[in-house]
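Chain by chain, the residues:
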Amino acid sequence: MILNKIRKKFKSLLNVSRDKFGYKESESKLAADNQDYWNRDYSDSILAQDAHWKDKGMFENHQRWYSLGKEHLELVFTYNSMLNLRFPINKIVEWGCGGGANSIHFAPITKEFIGIDVTKESLDECNKQVLACGQNNFKPVLVNALSPESILKEGISNVDLFMCTYVYELFPSPKKRIKNLKAWL
């Protein structure tokens, strides 16, 4: 635990130093590093925790895991008048569904829940959690971090709610974030 905190602090300082001295890695290198990170062994509780898997790391506390997605659902209900949604929603897309912390709350209010992630392991875990909450409406979509725009080939359309929490900061550049977001608008 302490070693992981030291590692994270070191990486943070390294990134600040790189930015300060103008050293930046290419988008393709950053995207490849991202894909490599998420494709590690999910028996590593830190990796599984980072992907918001139930029973892993800080999410061994089930209430903490459950509350994470519940807060996001409450935001949607709070701002529903601006979103103009009618429940149940026909189609929800979650970019970066991870271990299903959001999915278990949103799958019951939609006909089709599409989970997009960069690893099959997280898609399988998310599906497992959606099934455990009594829903059978999960559609997994695997995307490569090296080419997130390839998702457009999947033909996903008529989306009523697009969600993305804790993911956009992982895109290799602001340019990639904007390009991906525009693709959904």
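The structure presented is a predicted model; accordingly, all values stated were derived computationally and were not measured.

Basis of the calculations
Residues numbered from 1 in each chain as written. Predicted model: local features only at pLDDT ≥ 70, side-chain atom pairs only at ≥ 80, totals over all residues. Heavy atoms only, no water. Helix = DSSP H or I, 4+ residues; strand = E, 2+ residues; numbered from the N terminus. Contact = heavy atoms within 4.5 Å. Phe/Tyr/Trp six-rings, centres within 6.5 Å; stacked < 30°, edge-to-face > 60°. Buried < 20%, exposed > 50% of the residue type's maximum accessible area, 1.4 Å probe, protein only. Expected span 1.5 Å × (residues − 1). Polar contact = N/O pair within 3.5 Å; in protein donor to acceptor, adjacent residues only side chain to side chain. Core = buried A, V, L, I, M, F, W, Y, C linked by side-chain atoms within 4.5 Å. pLDDT = per-residue confidence, 0-100. Pairing = 2+ DSSP bridges.

Chemist: Which residues make up the environment of Cys97, and what values go with them?
Modeler: When you line up the elements, Cys97 lands in the loop between β1 (89–95) and α6 (103–106). Residues Cys97 and Val118, spaced 21 residues apart in sequence, show a C-alpha to C-alpha distance of 9.4 Å. Those residues in contact with Cys97 that sit more than four places away from it in its chain are Ser103, Gly115, Ile116, Asp117, Leu123, Cys126 and Phe138.

Chemist: Summarise the packing of aromatic side chains; cite the residues concerned and give the values.
Modeler: Evaluation of the coordinates by the stated rule reveals 4 aromatic pairs. Where Tyr37 meets Trp38, the ring centres are 4.8 Å apart and the plane angle is 90 degrees; that geometry is what we call edge-to-face. Judged by centre distance (6.2 Å) and plane angle (25 degrees), the ring pair of Phe113 and Phe138 falls under stacked. Here the residue Phe113 occupies a position in strand β2 (residues 110–117), and Phe138 occupies one in strand β3 (residues 138–142), the gap between them amounting to 25 residues. A residue is classified by how much of its surface remains accessible, and Phe113, at 0% relative accessible area, is buried. The exposure class assigned to Phe138 is buried, which follows from its relative accessible area of 11%.

Chemist: Mind laying out unusual backbone geometry, listing which residues take part and the relevant values?
Modeler: Residue Phe87 is joined to Pro88 through a cis peptide bond whose omega torsion reads 0 degrees. Tracing the backbone shows Pro88 in the loop between α5 (80–83) and β1. For Asn84, which is not glycine, the phi torsion reads 55 degrees and is therefore positive. Here Asn84 falls in the exposed class, since its relative accessible area comes to 59%. Although it is not a glycine, Asn158 adopts a positive phi angle of roughly 55 degrees.

Chemist: Run through helix α4 (residues 62–78), naming residues and quoting values.
Modeler: Since the α-helix turns once every 3.6 residues, residues separated by three or four places project in the same direction. Taking 1.5 Å per residue, 17 residues should reach 24 Å; α4 reaches 24 Å between its end C-alpha atoms and fits that length. Among the residues of α4, those classed as buried are Trp65, Leu68, Gly69, His72, Leu73 and Val76. Looking at the buried residues of α4, the elements they touch are α5, α6, α7 (120–132) and β4 (161–163). Its side-chain oxygen 2.9 Å from the backbone nitrogen of Gln63, Asn61 forms the N-cap of α4.

Chemist: Can you break down the nonpolar core residue by residue, with the values?
Modeler: Core analysis: the largest hydrophobic core is formed by 19 residues, its most contacted members being Tyr42, Trp95, Ile116, Ile151 and Ile156. Elements that contribute at least two residues to this core include exactly α3 (45–50), β1 and β2. Sequence-distant contacts of Tyr42, that is, excluding residues within four places in its chain, are made with Leu47, Ala48, Ala51, Trp53, Thr119, Glu121 and Ser122.

Chemist: Residues and numbers for the confidence of the model for the protein chain, please.
Modeler: Within the protein chain, residue pLDDT values average 85, and 86% of them lie at 70 or more. Within the protein chain, no element has a lower average pLDDT than helix α1 (residues 2–20), which sits at 58, and none a higher one than α6, at 98.

Chemist: Describe the pairing of β1, and please don't skip the residues or the numbers.
Modeler: The buried fraction of β1 amounts to 6 of the 7 residues, a majority that puts the element mostly inside the structure. The sheet contact formed by β1 and β2 spans 6 bridges and is parallel. For Val93, the partnering residue across the bridge sits in β2 and is Ile114. Judged from the 3 bridges that link them, β1 and β4 form a sheet pairing that is parallel. Residue Ile92 lies in a different strand from β4, and its bridge partner there is Leu161.

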